[in-house]
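# Reading the structure
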Amino acid sequence: MIPLLALVWLVGGFVHCAHGQGVYAPPSVRIVHSGPACNVEEERHSERVYTIREGETLEVLCLVTGHPRPQVRWTKTAGAASERQGELWAHNERLKIEQIERHQGGRYYCKADNGMGLPAIRSIRVDVYFLDQPLITVHQSVSDAKELFYFERTVFLRCVATSNPPVHYIWRRGRELLAQGVDAGVDIYEPFFTQGETKILKLKNLRPQDYANYTCIASVRNVCAIADKRAHFSLNNRTAPPSVKLLLDDPLVVNLGETVTLVCVASGGDPPPTLSWVRPAGEELPKRSVMTGGTLTIPAVTVEDGGAYSCVASNSVGNAARKSANVLVRGLRKARFWITPDPYHNDDNIQIGREVKISCQVEATPPEELQFGWLKNGRPLRSSERMVITHTDGEVSPGVTNLDIIDLKFTDFGTYTCVASLRDGGSPEISIDVNISSTTVPPELSVPRGRSHIVAQEGDTVELQCLVSGKPKPIVLWFRLEESLVAAPLTSEATQTESFDGVLRLANVTREMGGTYCCRTSQYNGFNVKPRQALIQLVVQFPPVVEPVHLEVRQGLGRAFSLTCRLLRAHPARLLRYEWKLGPRLLTVGQFDEDRDDTHYQVRALNREGYGEYTCDISNEAGAGRCTFLVTGKAYPPELYYDTQGALWQNQPQTYGFKLQWTQMDPDGVDRILAYRLGIKQVGQSRWWEQEMAMEGIIHKGELLTYNLTELVKPESYLVRLTPITRYGEGDYTERVIAYSPPVNPHLREFQCGFEDEALCLFSQDKSDDFDWTRHSAASRDTKYTPNTGPSSDRSGSKQGFYMYIETSRPRLEGDKARLLSPSFNTASRGAATYCLAFYYHMHGKHIGTLNVLLRQKGPTATSDASVWSLSGNHGDRWRRAAVNIHPTAAFQVVMEGVRGAGIEGDIAIDDVTIEEGECKDPPSNNLMSLAPPPSPHLWRLGFTLSLTLFGRSR
C-alpha cells in the first residue's frame, strides 16, 4: 500500500456562487432496485412495480438529490386492517427486507426532506409472487351423504391453491388431459364467488371410467421461476366422507389434578381420514396434552383446562366430520353472603317480630352437583313454617340458597352456617358463618376528621381512610371518580379495589393520580341495604414543568440576545419564584405575577465571559423546574454538497482526484468564519492529516465553496472531515467518505454492447434526467403499448433480442429527456486519442423527437458534455447505423440522450453500441458532428508535501 505521506493535494481555491439561496435546492427522489427481482417495470403514472418471489430479499434504493443532503425515510401503506398506517421501515436510502413474505407486499413510499420547500415522495409497488400446494376436496350433488358414491350421482372435485399471480389449473385423469368440451361427461369451470381461486371438475352421472386417479396441476406459468405444484386424488366406488364418534361421556366431569383421556374413532370414509382435536375459536390445546391419533391425553388437569373439545375427522371428501364434548373440572368458588333486614318494610335494622333473610351464593362446577345445607349454632337446620330454606337453580345462575326467618324472635339469635358441597365429592366443602343478634346492625361509613382533603407530593405514599362500622363489618370498595362523576377503575386490571380495613394505600403517587376517590360499602358479606359512601379529595403537588429543558444558543461576540423560560404547568400554580444563573453566579431573582407564564433574561452585548451554561429555576412548594441554555460561539457544521457533477476524476495511473464542495450552515448565526480545518485519512487507518485553510471575507448563505483533492491513492477510500473555525474556536465538523470507482476498461481498446444482459454492460440511467430508457424485446412487449412507433425486433431481426428504447406515452411531456450513461473509460494515451463510436438507431413514428449523443469528460475542476451527434424526426421503420469519431483527452463517458417529441408515437430505440480505438473506417452519411480535440488543460502539482495554498476568491 502506498503510504499516506504520498498523498498530495492539488492547490485549489474556494469558489463563490451567487449569494442568497445559492445552491440550496429542494429534494428530488428516484427509486431503483439493487437486489434480485423477477421483473421491474414502469406503470403509466411513473410508479415502479417490483415483482419478487416469496422468500427472496427485497432491496431497493432511494436516490436523492437536493442540498442540504435530504433525510430519507421509507414507509409502507397499510395492506390490511391489522397493519398500521405509515409503518416505519427504514431511515436511510436503502430498504432491505430479507426473506420477504406475502403480506409484506404493497406500496412503499420513499420520502426525502431537507427543509427546502416540500418533501419529495416517490413510491414503488412491491408484488410478492408465491404458489401454495393445491388441495383437492370431493363433494356430492346431494349435500354430503354418508353412503358410498353410486352410479347416477354427480361428483365435484374442487382444487384450491393460494397464489399470486392468479393460478391456472390443469386437470388430468390418469395420463389423459381433461379439457372443457372434450368429454361430454365432464365440466370444468370456476365458481363465480371464488374469483378465480378455485377450479372445479364436475363428473356428471358418474360412469365406470370416472373411477380413476385424478391430478390437479396448479401453475403460475413459471413467473419468477415458480414451478408448478400438483395434488392427487384416487376416486373409486368406495369413496365416501368420514363419520366420527366419541368414546366418552358428555360432559366429562373430572376432579382437579386427574388425568383426562378423550377418545374418538372414525367410522367409514375412504380414503381413511385423519383425526385431530381442537378447541373453539382457535384456542390452543393445553401445553401438557399429548395427541396420538384420535386420543387426547391431558395429565394433571387444571380449572383452566375445562371447556369444549372437538374431534375432527377429514379425508378431503365432503365436509369434515366433527363431534364435541365438554370437560368439567369439579370445584367450588366465590362464596358470598348478605343479610336483608326486612324486604317488606324498607327497614335497615334487624327488629324482633320482623322478617330477616340470609342469602349465600357459591359458584360450582358442575352446577347441578351443587348442594347446600344450613346449621344453627352447629346443629342441622331444616325448613319449617318460620324457617324457610329455598335454593335457586344452579344451572341458570350461580347457586344461591336463602334462609328466611319469619317473625324474628329472641330465641332466633345465634350463628347460622351455610354449607356448600358437591354431591359426588371431589372438592372440599365451603362453609359461611353469619351471626344474627341484638348487636347486628347495618353499616355506617365516614371519613376521619381532617382526612377528606389530602395534599401530597409526587413520589409520596398516601393512605386514604374511610371508617366503617356495622356488624358484620362489610368490605369497602374504592373507586376514583372522573369529572363526569362516573366511577372509573383505579387500575386497568380491575374495576374496583377491595379493602377489608377501609384503607386504600397508594404508593409513589403521580400527578395523574390526583382527583376524587369514593369509598363505598359492598352489599355482599354484609347488609343488603342501600350502600353507604364517602368522598376524599386527593391533591398531588408537583414541581413546575418548564420549556425548554435544554437549548443550545449560538451567538457571536458583541451581539444582544434574550433567553426565555416558559412555565407549562405546576401545582400549586401561584407563588412561583424564578432564579437565573450563569454557572454558579447568580444573575437575577424574582416572582411571577398573576398574568405571567414566562421569564426572560436579556444580554445586551455578549463578551467572552458571557459564554457558558445559563439556568433558570422556577420553583413552588413541591420543587423546581429548570430551563438550561448553553450559549456558545461555535460555528454550525458545513453542509457537504453531494450533487457535484463529475466530482471524481482520474488523475495519474496510480492516483485519482475528487472535487469537495460544501456550503456553510447559517454563517451569519455566529462570528465570521476565519478558517476551515481539513482532515483526511484512509478508511480503516487511525492517522489523520490536517491542514488549516484561512478564509478571507464573509461567507454568505448558500455560497458554494470548493476544494480539489488530488493524488488520492487508488483504490483506497478516504474519510474527509471539515471543521469551521471562528474567534470562539472550532465549530461542529462534518464528515463524508470518498470512495474510488474504477473505470470499466482502464485502457480502452474495444467495447461492444447489445443490451442482451440485464446489467446493460454497465450502462446506467442518469439521475438528473426526466425519465429512463427501457430495456425490451419485441417478444415480451405488451400489446397495450403504442402502435405505429418503435421497432418490431432488435437490430439483428430477432424478436427475442433486446434493445433500449424511450417510452413516450403519458405521463411523458414534449421535451422530456432520458439519458443513458456508458461506463467510464480511460484513454489509451496521455494526450488526445481518437475512437470510433458506432451504434444502431430506430426512429419511426410521426412524433419522433431527437436523439443526441454527447461526450462527457471529467476534469480536475468540472465535468463537460459536448455534443458529437444529433438526429431528429421520422426515419422509417428500420434500423440504421451511425458512426462518429470522438477525441477524448481524459476519462470519459458516452451519453445517449432521447428527447420526447410532440406526441405518443415517438419511441426512439438504440442497439449494438461499439467503441473502437482509431478512426471510423467508413462513417455513414448521417455522421453529423465531430468533436475536435480540445486543448489540454494545465495541471499544477506540488511535491510530496502536505502544504496547502488557498487562492484568492473571485468576486
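Residues numbered from 1 in each chain as written. Predicted model: local features only at pLDDT ≥ 70, side-chain atom pairs only at ≥ 80, totals over all residues. Heavy atoms only, no water.

Time to look at the pairing of strand S66 (residues 802-805). Each regular strand carries side chains that alternate between the two faces of the sheet. Summarising the sheet, strand S65 (residues 774-777) and S66 pair through 4 bridges and their orientation is antiparallel. Note on S66: the bridge partner recorded for arginine 775 is methionine 804. Bridging between S66 and strand S73 (residues 908-917) involves 2 bridges; their strand directions are antiparallel. Looking at the pairing, methionine 804 lines up with isoleucine 910 of S73. (Pairing = 2+ DSSP bridges. Helix = DSSP H or I, 4+ residues; strand = E, 2+ residues; numbered from the N terminus.)

Turning our attention to the confidence of the model for the protein. Averaged over all residues, the pLDDT of the protein equals 85, while 86% of them reach at least 70. Low pLDDT (under 50) marks residues 1-20, which in the prediction has 77 contacts with non-local residues, meaning those over four places away or in another chain. Of the regions scoring below 50 in pLDDT, residues 78-88 engages in 16 contacts with residues more than four places distant in sequence or in other chains. (pLDDT = per-residue confidence, 0-100. Contact = heavy atoms within 4.5 Å.)

Before going further, it helps to spend a moment on empty space enclosed by the protein. All told, the structure shown has 2 cavities of 30 Å³ or more when counted by the stated rule. Here the second largest cavity is characterised by a volume of approximately 30 Å³. Along the walls of the second largest cavity sit Pro443, Thr521, Ser522, Gln523, Phe527, Val529, Lys530 and Pro531, which together make up its complete lining. Residue composition of the lining of the second largest cavity, grouped by class: 4 nonpolar, 3 polar and 1 charged. (1 Å grid on protein atoms, 1.4 Å probe; cavity = no way out; pocket = protein on both sides within 12 Å on 5 of 7 lines; lining within 4 Å. Points joined across faces, edges and corners; volume = space filled by probe spheres on them. Nonpolar A, V, L, I, M, F, W, Y, C, P; charged D, E, K, R; others polar.)

Once that is clear, we can look at the pattern of salt bridges. Considering all chains together, one arrives at 42 salt bridges under this definition. Between arginine 53 and glutamate 56 there is a salt bridge whose closest N-O contact spans 2.5 Å. Assessed through its relative accessible area of 25%, glutamate 56 is described here as partly exposed. Glutamate 730 is the partner of arginine 677 in a salt bridge, and the nearest nitrogen-oxygen pair spans 2.7 Å. Placement of the pair is arginine 677 in strand S57 (residues 675-682) and glutamate 730 in strand S61 (residues 729-730), with a sequence separation of 53 residues. Exposure remark for glutamate 730: the relative accessible area of 42% places this residue in the partly exposed category. By sharing partners, the salt bridges in this structure join Arg173, Glu176, Asp183, Arg207 and Asp210 into a single network. (Salt bridge = Lys/Arg side-chain N within 4 Å of Asp/Glu carboxyl O. Buried < 20%, exposed > 50% of the residue type's maximum accessible area, 1.4 Å probe, protein only.)

In this section: the state of the cysteines. In total, this model carries 8 disulfides according to the counting rule given. There is a disulfide in this structure between cysteine 62 and cysteine 110, and the S-S distance comes to 1.7 Å. Looking down the S-S bond of the cysteine 62 and cysteine 110 bridge, the torsion is -85 degrees, so its handedness is left-handed. Linking cysteine 62 in strand S5 (residues 58-67) with cysteine 110 in strand S9 (residues 106-113), this pair joins segments that are 48 residues apart in sequence. Comparing cysteine 62 with cysteine 110, the two get one shared label, buried. Each disulfide pairs two cysteine sulfurs, and for cysteine 159 the partner residue is cysteine 216, the sulfurs being separated by 2.0 Å. (Disulfide = S-S within 2.5 Å.)

Here the focus is the sheet that holds strand S8 (residues 94-97). Sheet architecture is open: 3 strands sit in the order S2-S5-S8, paired in antiparallel fashion. Bordering the open sheet on either side are strand S2 (25-33) and S8, each of which pairs with just one other strand. Averaged over all pairs of adjacent strands, the angle between their axes in this sheet comes to 15 degrees, without regard to strand direction. Bridge count for S2 against S5 is 7 bridges, and the pairing is antiparallel. Bridging across to S5, valine 32 finds its partner in leucine 61. (Axes fitted to C-alpha atoms, helices over the stretch in contact; angles between N-to-C directions.)

Now for the pairing of strand S62 (residues 734-738). Every second residue of S62 is oriented toward a common face, the buried set being Thr734, Arg736 and Ile738 and the non-buried set Glu735 and Val737. Where strand S60 (residues 718-726) and S62 come together, 5 bridges link them in antiparallel fashion. By the bridge assignment, leucine 719 is partnered in S62 with valine 737.

Turning next to the nonpolar core. Among the nonpolar cores identified, the biggest contains 36 residues, and Phe755, Phe763, Trp773, Leu837, Phe839, Leu851 and Trp869 are the most heavily contacted of them. When contributions to this core are tallied by element, the ones reaching two or more residues are strand S63 (750-753), strand S67 (817-821), strand S68 (835-843), strand S69 (850-858), strand S70 (863-872), strand S71 (880-886), strand S72 (892-899) and S73. In terms of residues, this core owes the most to one element, S68, which gives 5 residues. Residues within four places of phenylalanine 755 in sequence aside, it is in contact with Leu760, Cys761, Phe763, Arg775, Phe802, Met804, Leu820, Ile910, Asp911, Asp912 and Val913. (Core = buried A, V, L, I, M, F, W, Y, C linked by side-chain atoms within 4.5 Å.)

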